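Here is how the chains run, residue by residue.
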Amino acid sequence: MKEKKLVSIIMGSQSDWKILCHSEKILKDFKISYEKKIISAHRTPERLYKYANSIHEREIEVIIAGAGGAAHLPGMVSALTSVPVLGVPIETKTLKGLDSLLSIVQMPAGIPLPTLAIGKPGAINSALAAISILSNKYPLIKNKLINFRKKQSNSIKKIPIDD
Ligand code: RP5
């Protein structure tokens, strides 16, 4: 029997992986089961529908969706499922990811799409947000998240040191 994946990381292109690998790293650190897939809303629309139709039966609990430019993948997936979708705007060469950010964040009312920061910080926070959602249901994950936050707080020095 296949292991149940709690989180699904999807991206519009192979070129997005250099950013979304930072989501993967956090999920690995927390030992969360996940999958990763390339699904382009405009280049592989049939793959998108097939994926969206499989989300509920595969019991995926959170989706991290990254895309760049006219980034409609996160919004389309959110429209096709009631599972929470977290959008990660990928930095682009021409507009530095502002295009991706606005495409993802500016969803009309009715289909929510919580959107993180552009690029690596957004990828990291998308995984932490996914973990936060999962922690409502899984006490072990909640404990790990609390410990992560404690460690993070403890790592911040009170006085700056000279460079
Ligand atoms: C989007 O187009 C992808 O999410 C990617 O960020 C962007 C560019 O894709 P490539 O031309 O690098 O494949 O669909």
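Refer to the preceding data block for the structure.
Residues numbered from 1 in each chain as written. Predicted model: local features only at pLDDT ≥ 70, side-chain atom pairs only at ≥ 80, totals over all residues. Heavy atoms only, no water.

**As for unusual backbone geometry**
Selection criterion: Strands here are runs of E lasting at least two residues and helices are runs of H or I lasting at least four, both read from the DSSP assignment and numbered beginning at the N terminus. To sort residues, take the accessible area from a 1.4 Å probe on protein chains only and compare it with the maximum for the residue type: under 20% means buried, over 50% means exposed, and anything in between is partly exposed.
Positive phi outside glycine occurs at K31, with the angle close to 55 degrees. With respect to the helices and strands, K31 occurs in the loop between α1 (17-29) and β2 (34-38). At E59, a residue that is not glycine, the phi angle is positive and equals roughly 60 degrees. By the element assignment, E59 lies in the loop between α2 (45-54) and β3 (62-67). Overall, E59 belongs to the partly exposed group, its relative accessible area being 47%.

**Examining the site of the ligand**
Where we set the bar: Here a residue is near a molecule or strand as soon as one of its heavy atoms is found within 4 Å of it. In protein, a polar contact means a hydrogen-donor-capable atom and an acceptor-capable atom, both N or O and within 3.5 Å, with residues adjacent in sequence counting only if both atoms are side-chain atoms; elsewhere, any N or O pair within 3.5 Å suffices. For the area figures, the Shrake-Rupley method with a 1.4 Å probe applies, and any residue is considered shielded solely by the protein chains shown. For this classification, the nonpolar set comprises Ala, Val, Leu, Ile, Met, Phe, Trp, Tyr, Cys and Pro, the charged set comprises Asp, Glu, Lys and Arg, and every other residue, Gly included, is treated as polar.
Lining the immediate surroundings of the ligand are G12, S13, S15, D16, H42, R43, A67 and G68. The separation between an oxygen atom of the ligand and a polar side-chain atom of S13 is 2.6 Å. In the model, an oxygen atom of the ligand is placed 2.6 Å from a nitrogen or oxygen of the D16 side chain. About the coverage of the ligand: the protein hides 66% of its 370 Å² of free accessible area. Residue composition of the shell around the ligand, by class: one nonpolar, five polar and two charged.

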